[in-house]
Amino acid sequence: MQTIQDVMTRDVETISPQEAVQRAAQMMDELNVGAIPVLDGGKLVGMITDRDITVRSVAAGQAPGSTRVGDVMSTDVRTCTTRQTVDEVLGQMGDVQIRRVPVIDEDSQEVVGIVSLGDMATKHSAQIDRTLDEISTPSEPDRSTRH
């Protein structure tokens, strides 16, 4: 069985919750990624995604140069460990409909990488179709804020 350490992306870039949302967007552009782990003092405290920036900041009319990452990041972050199997993590990703997960070292509890559905698709083929189906299942739009 392949483990996450066999397929994960190492040397992941991170950002501080005190950084500006604009800097997070610039990093996403430079790195060609849609999410960046947020670390405070080496501890994982959230993830900021391109969707967080768009929906929680831009749509709310916030200034990207003065809005902080910590104000718009997602704080309910799912993680996995380097020793978990790829199939186990794929199942978890499908259950909660996410496409990328920070990887934590079991011993140090530090972020040592990130694993995406794409990483697994190119390096491990089992369960990818089922997981993608689960992640892509449409949800009902939240229309409670429409006027």
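Above: the structure in question.
This one's a predicted model, so the numbers in the text were calculated from it and none came from an experiment.

A.B. asks: Run through the sheet that holds strand E5 (residues 100–104), naming residues and quoting values.
C.D. replies: As summarised here, the arrangement of the 4 strands in space is E1-E6-E5-E4, forming an open sheet in which the pairing is mixed. Pairing within the sheet leaves two strands with one partner each, and these edge strands are strand E1 (9–10) and strand E4 (80–81).

A.B. asks: How would you summarise helix H3 (residues 50–58) if you had to cite specific residues and measurements?
C.D. replies: Of all the residues in H3, the buried ones are Asp52, Ile53 and Ser57. Taken around the axis of H3, the buried residues stretch over an arc of 95°, which confines them to a single face. Structurally, H3 contributes buried residues whose contacts are with helix H2 (21–31), strand E3 (43–49) and helix H4 (69–72).

A.B. asks: With reference to specific residues and values, describe the layout of surface pockets.
C.D. replies: To find leftover empty space, one rolls a probe the size of a water molecule over the atoms. Approximately 210 Å³ is the volume found for the second largest pocket. Contributing to the lining of the second largest pocket are 15 residues, with Thr9, Val12, Val33, Ala35 and Ile114 lying nearest its centre. Listed by contribution, the elements that provide at least two residues to the lining of the second largest pocket are E1, strand E2 (35–40) and strand E6 (111–116). Among the elements that take part in the lining of the second largest pocket, E2 stands out by supplying 3 residues, more than any other. A breakdown of the residues in the lining of the second largest pocket according to their chemical character gives 7 nonpolar, 3 polar and 5 charged.

About the thresholds
- Residues numbered from 1 in each chain as written.
- Predicted model: local features only at pLDDT ≥ 70, side-chain atom pairs only at ≥ 80, totals over all residues.
- Heavy atoms only, no water.
- Pairing = 2+ DSSP bridges.
- Helix = DSSP H or I, 4+ residues; strand = E, 2+ residues; numbered from the N terminus.
- Buried < 20%, exposed > 50% of the residue type's maximum accessible area, 1.4 Å probe, protein only.
- Arc of directions from axis to C-beta.
- Contact = heavy atoms within 4.5 Å.
- 1 Å grid on protein atoms, 1.4 Å probe; cavity = no way out; pocket = protein on both sides within 12 Å on 5 of 7 lines; lining within 4 Å.
- Points joined across faces, edges and corners; volume = space filled by probe spheres on them.
- Nonpolar A, V, L, I, M, F, W, Y, C, P; charged D, E, K, R; others polar.

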